[in-house]
Amino acid sequence: MLLSLLLSAHAATCDMKALTASFDAASPAGSGKVFAEMAACDPAAAKAFAPTAFKKILSGEGGDAALIAAISIGAPEAVRSWVLTREPDERSSAIKMLGASCDKTGVPAFFTGTAKEVGDKFWAEGWYTGLASCRDPGVQELLRAALATRGADRARYYSILGIFSQNLGKNAIPFLRSMLEKETDPEVATNVVSAFADAAGSDAEARRAAIAAIVELAPRLPEQAVNQARITLGGWGAEAEADALAGIRYKTVAQANGTLLYGLIVVDSATCKNGDVKVEVHVAQIAEPGRSWPDQVQERVKPSVETHFNLGTASRCKGTGKVEYRSSPAPFKDAAAFKAWVDEELKAVEKSFSGVKLKRIDEDQIVL
């Protein structure tokens, strides 16, 4: 009743004839604001005038107000036609503005109606990109239905998946879990893992649920998706869970006892006080229990090396020098593969110290 009284009071005080004259006199940039006032004054008259009005209205703050006003009074066709004729950057801006205004009357229905009206153009021209925060059941179902068919444009599909995940938030996690559980395509599985981050956002509860789902499903994921799982978990600070995925990622080359076999070469070189150059090359296998990724092994093995290797060529000959670590880029299948890597690395070291005889020292296996 109060709303009716307010509208009646406004209608009694506003002058549609004067507003129409103001619209005609306004610049294209200012006409949107006047149209919004017309819509508040006389919705029926403004609705009838909308197709004409939007031939003049330009993008911008006033245009945004006009779009929302036109939708609220039941003139979505005028808005749709106007948006479709904008340049890509203006269209994108209008779509994002409307998506952020889904609490306004008619805006969710405008999106679902546009999808029905323009068909594939809704997806091809990115109308869906404004729906990340438009948490309307009809909009959510629209996005969910779009994910039922993958189609040839995978980039678009992954983009829709991300928008859907952001929109539903933690409620998207069961959907993503179900997708990931049965997905065998490495690329798709990788993008589904990425979508968990979109769904969880900064919600601690959602992150816990996402971490649990990813960890549970990791053993059945393609290698590419396990790589992404490491990135996703690490981004949430779940370092232990991310590190544990290394054993899953490289399970096909695990040794009989379950460890991963890495190679390590430590080059201890020095230019001695008397000018002689000395190079000692320490060679060792590393038995890693599947809790370190290749790019972590080198740093994690240093404490053992510093404790057990007899380094310090420079100090022994009263010269200057350096210690260089080289670890294998991935675990080896067997000792033969380790030996082949060592042989190639030694050739490279020998080449970098041309004319200097290397002293090779084979160390005991390091167990991390």
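Our structure's up above, just so we're on the same page.
Residues numbered from 1 in each chain as written. Predicted model: local features only at pLDDT ≥ 70, side-chain atom pairs only at ≥ 80, totals over all residues. Heavy atoms only, no water.

Novice: It is not clear to me how the packing of aromatic side chains should be interpreted in this structure. Could you clarify?
Specialist: Aromatic ring pairs are reported here in terms of the distance separating the ring centres and the angle at which the planes meet. Per the stated rule, a full pass over the model turns up 13 aromatic pairs. Summarising the aromatic geometry, the rings of F110 and W127 are spaced 6.1 Å apart at their centres and angled 50 degrees between planes, so their arrangement reads as tilted. Taken together, the residues F110 in helix α8 (residues 107-118) and W127 in the loop between α9 (120-124) and α10 (137-146) connect sequence positions 17 residues apart. Between the aromatic rings of F122 and W127, the centroid separation amounts to 6.3 Å while the plane-to-plane angle is 20 degrees, which identifies the pairing as stacked. Each member of the pair, F122 as well as W127, is classed as buried. Among the aromatic residues, ring-to-ring pairing joins F110, F111, F122, W123, W127 and Y128 into one connected group. (Phe/Tyr/Trp six-rings, centres within 6.5 Å; stacked < 30°, edge-to-face > 60°. Helix = DSSP H or I, 4+ residues; strand = E, 2+ residues; numbered from the N terminus. Buried < 20%, exposed > 50% of the residue type's maximum accessible area, 1.4 Å probe, protein only.)

Novice: Looking at this structure, how should I read the state of the cysteines?
Specialist: Throughout this description, disulfide means a covalent bond between two cysteine sulfur atoms. Tallied over the entire structure, the rule returns three disulfides. Put simply, C102 and C134 are joined by a disulfide, and their sulfur atoms are 1.8 Å apart. Taking the sign of the S-S torsion, -90 degrees for the link of C102 and C134, the bridge is left-handed. Of this pair, C102 sits in the loop between α7 (88-99) and α8 while C134 is found in the loop between α9 and α10, placing the two residues 32 residues apart along the sequence. Sulfur-sulfur distance for the disulfide between C272 and C317 comes to 2.1 Å. Across the disulfide from C272 to C317, rotation about the S-S bond amounts to roughly -90 degrees, and the bridge is consequently left-handed. Placement of C272 in the loop between β1 (260-271) and β2 (277-288) and of C317 in the loop between α18 (313-316) and β3 (320-327) is noted, with a sequence separation of 45 residues between them. Residue C272 is classed as buried on the basis of its relative accessible area, which comes to 6%. Judged by relative accessible area, which is 14%, C317 ranks as buried. (Disulfide = S-S within 2.5 Å.)

Novice: Please explain the nonpolar core as it appears in this structure.
Specialist: What tends to happen in soluble globular proteins is that the nonpolar side chains get buried as a cluster. With 103 residues, the main nonpolar core has F35, F54, F122, L131 and F196 as its most contacted residues. Apart from residues no more than four positions distant in its own chain, F196 is found in contact with I173, L176, R177, L180, A210, A213, I214 and W236. By size, the runner-up hydrophobic cluster in this structure holds 15 residues, among which are V279, V283, F332 and V342. (Core = buried A, V, L, I, M, F, W, Y, C linked by side-chain atoms within 4.5 Å. Contact = heavy atoms within 4.5 Å.)

Novice: Help me understand the packing of helix α5 (residues 61-72) against helix α6 (residues 76-84), please; the structure alone is not making it clear to me.
Specialist: In a pair of packed helices, the angle between the axes and the distance between the axes together describe the arrangement. Orientation of α5 relative to α6, taken along the N-to-C sense of each, is 145 degrees, at an axis distance of 7 Å. Contacts between α5 and α6 involve L67, A70 and I71 from the first element and P76, V79 and W82 from the second. A breakdown of the residues in the contact of α5 with α6 according to their chemical character gives six nonpolar, no polar and no charged. (Axes fitted to C-alpha atoms, helices over the stretch in contact; angles between N-to-C directions. Nonpolar A, V, L, I, M, F, W, Y, C, P; charged D, E, K, R; others polar.)

Novice: Looking at this model, I keep getting lost on unusual backbone geometry. Mind explaining?
Specialist: Most peptide bonds are trans, and most residues other than glycine sit at a negative phi. The backbone of K318 sits at a positive phi, close to 55 degrees, despite the residue not being glycine. Judged by its relative accessible area of 64%, K318 falls in the exposed class.

Novice: Would you mind showing me how to read the environment of F353 here?
Specialist: Among the structural elements, F353 can be located in the loop between α19 (335-352) and β4 (358-362). Of the residues examined, F353 reaches a relative accessible area of 19% and is grouped as buried. Between the alpha carbons of F353 and S133 there is a distance of 60 Å; along the sequence they are 220 residues apart. Residues within four places of F353 in sequence aside, it is in contact with V267, S269, V277 and V279.

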